[in-house]
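Commentary on secondary and tertiary structure
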Amino acid sequence: MAGSRERQRQRARERHERHREERRQRQSQLRKRLSIGAIVVLVLGLVAGLSLVFVGGSTPAAKSKPKATASASATSSAAAVAEPAHHCTYTSNGSGKPSLPTASPDYNASYTAAINTNLGKIGISLLNSKATCTVNSFAHLAETNFFNNTQCWRVSNSSGLYLLQCGDPNATAKSKLSCSSSTLGSGGPGYQFADENLTGATYPAGTVAMANGGANTNGSQFFLVFKSTTLPASYTPFGKITSGLDILQNVAKAGTSCTIQAGGGVPKKKVIINSVTVKKS
């Protein structure tokens, strides 16, 4: 009898252990399902957040010192500004007391510009209805002789990047430009302003666009595209070349005197901007 009772107790203990193990396995499976569910919710939330960032937010995109693409290789999305803009904001970046453009642009006007260089004139139709504040700034800088007697300091003619970059006040007509200079391409007007006209922006031959060092850091530097160029939509297009494209092409063919990290180099054929004139109609 004693042996029989012991066997019953043993079987009872075994059943209890089996039941406990089954409960432990069920609880473990439940925890795994809950964890997976939480991860799925988290991932979906991240995807939704990223969608908002990339579809509707503003992201980067030089002071105007361009990177490897045209001041140029950052990413940026269009500023949420209805065009033509009726008000512009220009913010001092701390370099002295800059002459700021008017905050009330003539958004109904049509503008043309002529970049008068030592190699000839480059004619431009300015896109005032699409990049009002950029055109307003460019016209202001031209009218105050900001671009006079400066050099276009960078040309690129390879790797999908075909442009001449200008607008750095530090690159004076008399400067001997060096690719190793820490200040090459770093100059600006002392203020900056927001991006415009970036939705679907492309850079075919004849494009005039702003150089920048990230989103909403436009200043005075700009680039002239002489052959279709591959860039992210990060650089405000504000004009189209109507004459003088051959000047850019000849400068590019002449090559560079040295190479810069951002791509391209200092033009062998010196390009000096004598003046920029802007006409309004």
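Summarised in this report is the structure supplied together with it.

A word on helix α3 (residues 245-254). Those residues of α3 that sit buried are Ile247, Leu248, Val251 and Ala252. One side of α3 holds all its buried residues, which, seen down the axis, span an arc of 135 degrees. Residues of α3 that are buried make contact with β3 (120-126), β5 (154-158), β6 (161-166), β9 (222-225), β10 (237-243) and β12 (265-267).

To continue, consider the state of the cysteines. Simply put, the disulfide is a covalent bond whose two ends are the sulfur atoms of two cysteines. Counted by the stated rule, this structure contains 3 disulfides. A disulfide bridge connects Cys152 with Cys166, and the sulfur atoms are separated by 2.1 Å. Because the torsion about its S-S bond is 100 degrees, the bridge between Cys152 and Cys166 counts as right-handed. Note that Cys152 is positioned in the loop between β4 (150-151) and β5 and Cys166 in strand β6, a separation of 14 residues in sequence. The two residues Cys152 and Cys166 agree in class, both being buried. With a sulfur-sulfur separation of 1.9 Å, Cys179 is cross-linked through a disulfide to Cys258.

On to the pairing of β10, then. Both β3 and β10 contribute to a ladder of 4 bridges, which runs antiparallel. What sits directly across from Leu126, in β10, is Gly239. The pairing of strand β8 (residues 207-210) with β10 spans 3 bridges and is classified as antiparallel. Paired with Ala209 across the strands is Pro237, a residue of β10.

What follows covers the nonpolar core. In globular proteins that are soluble, nonpolar side chains generally tend to be buried together. Core analysis: the biggest nonpolar cluster contains 38 residues, and Leu164, Phe222, Leu224 and Phe238 have the highest contact counts within it. With 5 residues, helix α2 (residues 132-143) is the single largest residue contributor to this core. Excluding its chain neighbours within four sequence positions, the residues that come into contact with Leu224 are Ile115, Ile122, Ile124, Tyr162, Leu163, Leu164, Cys166, Thr207, Val208, Ile241 and Leu248. Residues Leu163, Leu198, Ala209 and Ala211 belong to the second largest nonpolar core, which totals 11 residues.

Scoring rules and cut-offs
- Residues numbered from 1 in each chain as written.
- Predicted model: local features only at pLDDT ≥ 70, side-chain atom pairs only at ≥ 80, totals over all residues.
- Heavy atoms only, no water.
- Buried < 20%, exposed > 50% of the residue type's maximum accessible area, 1.4 Å probe, protein only.
- Helix = DSSP H or I, 4+ residues; strand = E, 2+ residues; numbered from the N terminus.
- Arc of directions from axis to C-beta.
- Contact = heavy atoms within 4.5 Å.
- Disulfide = S-S within 2.5 Å.
- Pairing = 2+ DSSP bridges.
- Core = buried A, V, L, I, M, F, W, Y, C linked by side-chain atoms within 4.5 Å.

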